[in-house]
Amino acid sequence: HEATMDICFSDHPAIAEFESKLSQLFPDFLVSRLPESVLGGCVSPLTANAPTHGDVFEYHIDADPLQVPPSPWADVFGRYPNRNRGKPRFVSCLVYLNDEWDAEVWGAPTRFLDPPTGETIDIFPRPGRCVIMDQDITHTVVAPNVEAGKRPRDSLVWKL
């Protein structure tokens with residue numbers, strides 16, 4: 001997991017390459033990491049996750065432009081519903097990092113929740129799978145099943 005920390009807290013060429021590919025996939029958008037001025041220095045725009053069996057996580061959203069703290073960002077853009085035309089859109093990009101993952105046996109999906117209906121949708125890890133979602137979508141990490149042993153389900157999340 002030292003390598004994951006290196007990726008998150010240094011100018012790693014793999015991160016620059018991935019961000020370049022994201023920009024190529026979405027040429028009509030300016031793709032960049034969420035600036036520190038939006039949520040403050042205590043919230044990293046790049047986060048590593050490595051849940052193992054037995055870990056418990058709560059449902060959450062990554063960020064919501066309606067709930068940003070007072071900041072120069074809020075002074076310029078205000079607080080607004082995500083996906084508001086003409087305003088920066090808050091998007092997260094989740095990338096599963098394990099070279100091998102048997103989702104049927106080991107589990108560990110990212111679970112998305114529709115709060116009004118209580119319905120959920122599970123997206124299971126696959127090596128290299130990338131999930132792009134609005135940051136105000138309610139979701140949680142589900143820890144691996146006991147069959148995964150101590151094997152972590154590794155992922156990186158970009159706040160864009």
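For clarity, every value in this text was computed on a predicted model and none was experimentally measured.

Participant: Residues and numbers for the overall build of the chain, please.
Facilitator: In terms of regular secondary structure, the chain is built from five helices and seven strands. Against the 2.2 N^0.38 benchmark of 15 Å for 160 residues, the chain shows a C-alpha radius of gyration of 16 Å, consistent with a compact globule. In terms of its C-alpha atoms, the chain occupies a principal-axis envelope of roughly 50 × 40 × 30 Å. Each of the 160 residues in the chain was classed as buried or not, and the buried ones make up 37%. Considering only intrachain contacts with a sequence separation of at least 6, the fraction spanning at least 24 residues in the chain is 75%. Surface accessibility of the chain: about 9,500 Å² in total, with carbon and sulfur atoms responsible for 54%.

Participant: Which residues make up the pattern of salt bridges, and what values do they have?
Facilitator: Under the criterion given, the structure shown has six salt bridges. With its nearest N and O atoms 3.6 Å apart, the salt bridge here joins Lys21 to Glu17. Of this pair, Lys21 and Glu17 both sit in helix α2 (residues 13–25), four residues apart, which is roughly one turn of the helix. Given the relative accessible area of 46%, Lys21 is considered partly exposed. The partner of Arg111 in a salt bridge is Asp122, with the nearest N and O atoms 2.7 Å apart. With Arg111 in strand β3 (residues 110–114) and Asp122 in strand β4 (residues 119–123), this pair connects stretches of sequence that are eleven residues apart.

Participant: Could you give an account of the layout of surface pockets, with specific residues and numbers?
Facilitator: Taken as a whole, the largest pocket holds about 530 Å³ of empty space. Lining the largest pocket are 22 residues, and of these Phe29, Leu30, Arg89, Val91 and Leu160 lie nearest its centre. Elements represented by at least two residues in the lining of the largest pocket include exactly β2 (91–96) and β5 (130–134). The element best represented in the lining of the largest pocket is β5, accounting for three residues. In terms of residue class, the lining of the largest pocket is built from 15 nonpolar, two polar and five charged. Along the walls of the second largest pocket sit 14 residues, with Asn49, His60, Asp62, His139 and Val157 positioned nearest its centre. Those elements that provide at least two residues to the lining of the second largest pocket are β1 (46–49), β6 (139–141) and β7 (155–159). Partitioning the lining of the second largest pocket into residue classes produces five nonpolar, six polar and three charged.

Participant: Can you explain the packing of aromatic side chains? Please cite residues and give values.
Facilitator: Tallied over the entire structure, the rule returns five aromatic pairs. Seen in terms of ring centroids, Trp73 and Phe77 are 4.3 Å apart; in terms of plane orientation they differ by 40°. Their pairing is tilted. Here the residue Trp73 and the residue Phe77 both occupy positions in helix α4 (residues 72–77), the gap between them amounting to four residues, near one helical turn. Taking the centre distance of 6.5 Å and the plane angle of 90° together, the rings of Tyr80 and Phe90 count as edge-to-face. One end of the pair, Tyr80, is in the loop between α4 and β2; the other, Phe90, is in the loop between α4 and β2, with ten residues separating them in the sequence. No difference in accessibility class separates Tyr80 from Phe90, as the two residues are buried. Taken together, the aromatic side chains of Trp73, Phe77, Tyr80 and Phe90 make up a single cluster linked through ring pairs. A cation sits over an aromatic face here: Arg151 above Trp106, 3.9 Å from the ring centre.

Participant: Just give me the short version of the side chain of Asp134, but keep the residues and values in it.
Facilitator: Here Asp134 lies in strand β5. Excluding residues that lie within four positions of it along the chain, Asp134 makes contacts with Asn82, Arg83, Arg89, Phe90 and Val91.

Cut-offs applied
- Residues numbered from 1 in each chain as written.
- Predicted model: local features only at pLDDT ≥ 70, side-chain atom pairs only at ≥ 80, totals over all residues.
- Heavy atoms only, no water.
- Helix = DSSP H or I, 4+ residues; strand = E, 2+ residues; numbered from the N terminus.
- Rg over C-alpha atoms; globule rule 2.2 N^0.38 Å.
- Buried < 20%, exposed > 50% of the residue type's maximum accessible area, 1.4 Å probe, protein only.
- Contact = heavy atoms within 4.5 Å.
- Areas by Shrake-Rupley, 256 points an atom, 1.4 Å probe, with all protein chains shown as cover.
- Salt bridge = Lys/Arg side-chain N within 4 Å of Asp/Glu carboxyl O.
- 1 Å grid on protein atoms, 1.4 Å probe; cavity = no way out; pocket = protein on both sides within 12 Å on 5 of 7 lines; lining within 4 Å.
- Points joined across faces, edges and corners; volume = space filled by probe spheres on them.
- Nonpolar A, V, L, I, M, F, W, Y, C, P; charged D, E, K, R; others polar.
- Phe/Tyr/Trp six-rings, centres within 6.5 Å; stacked < 30°, edge-to-face > 60°.
- Lys NZ or Arg CZ within 6 Å of the ring centre and 35° of its normal.

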